[in-house]
Amino acid sequence: MKLVESINSMEFFVSPDNNKVHKLEAVPHNGGAENALENADSPAMAETNRDMSKVALIVSLLVVVLLVIFFFGMNRNIAGLTDEVKSLGELRNEMSTLDQRMVQMEEGLPSAMKRIIAHDMVNDMAMKAAYLGNTLEDEQLRNRMQDVLMSLKEVRGALE
């Protein structure tokens, strides 16, 4: 399309395919940006701006209140966590004390355990010797078992 002529703010174009002339006219704007600017000074627009400023003020006050609530809530949670961390430090000290006590107990435990196990074994052998001493038919073997039983009782007495 090529510009043919411009007369009184109207433009004419000729299309290249069939050589027709097209007339272009200016289209009036209905409520565009220019219209909004013209209405900005109107009383209704001023009232709307005042209403929107009230809404913005209320929203900002609500945001400030929510931030204060959030701050104090987080502050309380952090204080609680601080107390928990302090109690964990005390717990660590108690655990080290218990570990030291366990080491002391383990040092004395093997000899005590050996004595208890030996005492148990001597009791078991004494019961078996008593049973054999009562069931054997040979008098000489029964006397020997009684001697063994007496020796076991002496050992048991020494272990206690």
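For the structure itself, consult the block above.
Residues numbered from 1 in each chain as written. Predicted model: local features only at pLDDT ≥ 70, side-chain atom pairs only at ≥ 80, totals over all residues. Heavy atoms only, no water.

Trainee: Explanation requested: the pattern of salt bridges in the structure shown.
Mentor: Between side chains of opposite charge, pairing is possible as soon as their charged atoms come close. In the structure shown here, the tally under the stated rule is two salt bridges. Residues lysine 128 and aspartate 124 are paired through a salt bridge, measuring 3.6 Å at the closest nitrogen-oxygen approach. In this pair, lysine 128 and aspartate 124 are both assigned in helix H2 (residues 43-135), four residues apart and thus about one turn of the helix distant. In this structure, the salt-bridge partner of arginine 142 is glutamate 139, at a minimum N-O distance of 3.5 Å. Placement of both arginine 142 and glutamate 139 in helix H3 (residues 139-159) is noted, with a separation of three residues, approximately one turn of the helix. Relative accessible area serves as the criterion here: at 28%, arginine 142 is assigned to the partly exposed category. Looking at glutamate 139, the relative accessible area reads 46%, which means it is partly exposed. (Salt bridge = Lys/Arg side-chain N within 4 Å of Asp/Glu carboxyl O. Helix = DSSP H or I, 4+ residues; strand = E, 2+ residues; numbered from the N terminus. Buried < 20%, exposed > 50% of the residue type's maximum accessible area, 1.4 Å probe, protein only.)

Trainee: Can you help me understand a nonpolar patch on the surface in this one?
Mentor: On the surface, Val55, Val59, Val63 and Leu67 cluster together to form a nonpolar patch covering roughly 330 Å² of accessible area. Its place among the elements puts valine 59 in helix H2. Exposure remark for valine 59: the relative accessible area of 46% places this residue in the partly exposed category. (Patch = residues over 30% accessible without salt bridge, like charges linked within 9 Å, V, L, I, M, F, W, Y side chains within 5 Å. Areas by Shrake-Rupley, 256 points an atom, 1.4 Å probe, with all protein chains shown as cover.)

Trainee: What should I look at first to understand the nonpolar core in this one?
Mentor: Nonpolar side chains in soluble globular proteins tend to end up buried together. One finds Val122, Ala126, Ala129, Met145, Leu149 and Leu152 forming the largest nonpolar core, which totals six residues. For this core, the secondary-structure elements that each account for two or more residues are H2 and H3. (Core = buried A, V, L, I, M, F, W, Y, C linked by side-chain atoms within 4.5 Å.)

Trainee: Would you mind showing me how to read the packing of aromatic side chains here?
Mentor: Within a pair of aromatic rings, the relevant descriptors are the distance that separates the centres and the angle that separates the planes. Here the structure, examined in full by the defined rule, presents one aromatic pair. Taking the centre distance of 5.3 Å and the plane angle of 70° together, the rings of phenylalanine 71 and phenylalanine 72 count as edge-to-face. (Phe/Tyr/Trp six-rings, centres within 6.5 Å; stacked < 30°, edge-to-face > 60°.)

Trainee: What is the right way to read the environment of histidine 119 from this model?
Mentor: Structurally, histidine 119 is set in helix H2. As for histidine 119 and leucine 159, which are separated by 40 residues in sequence, their C-alpha atoms are 6.1 Å apart. Ignoring sequence-local partners within four residues, the contact set of histidine 119 consists of Arg156, Leu159 and Glu160. (Contact = heavy atoms within 4.5 Å.)

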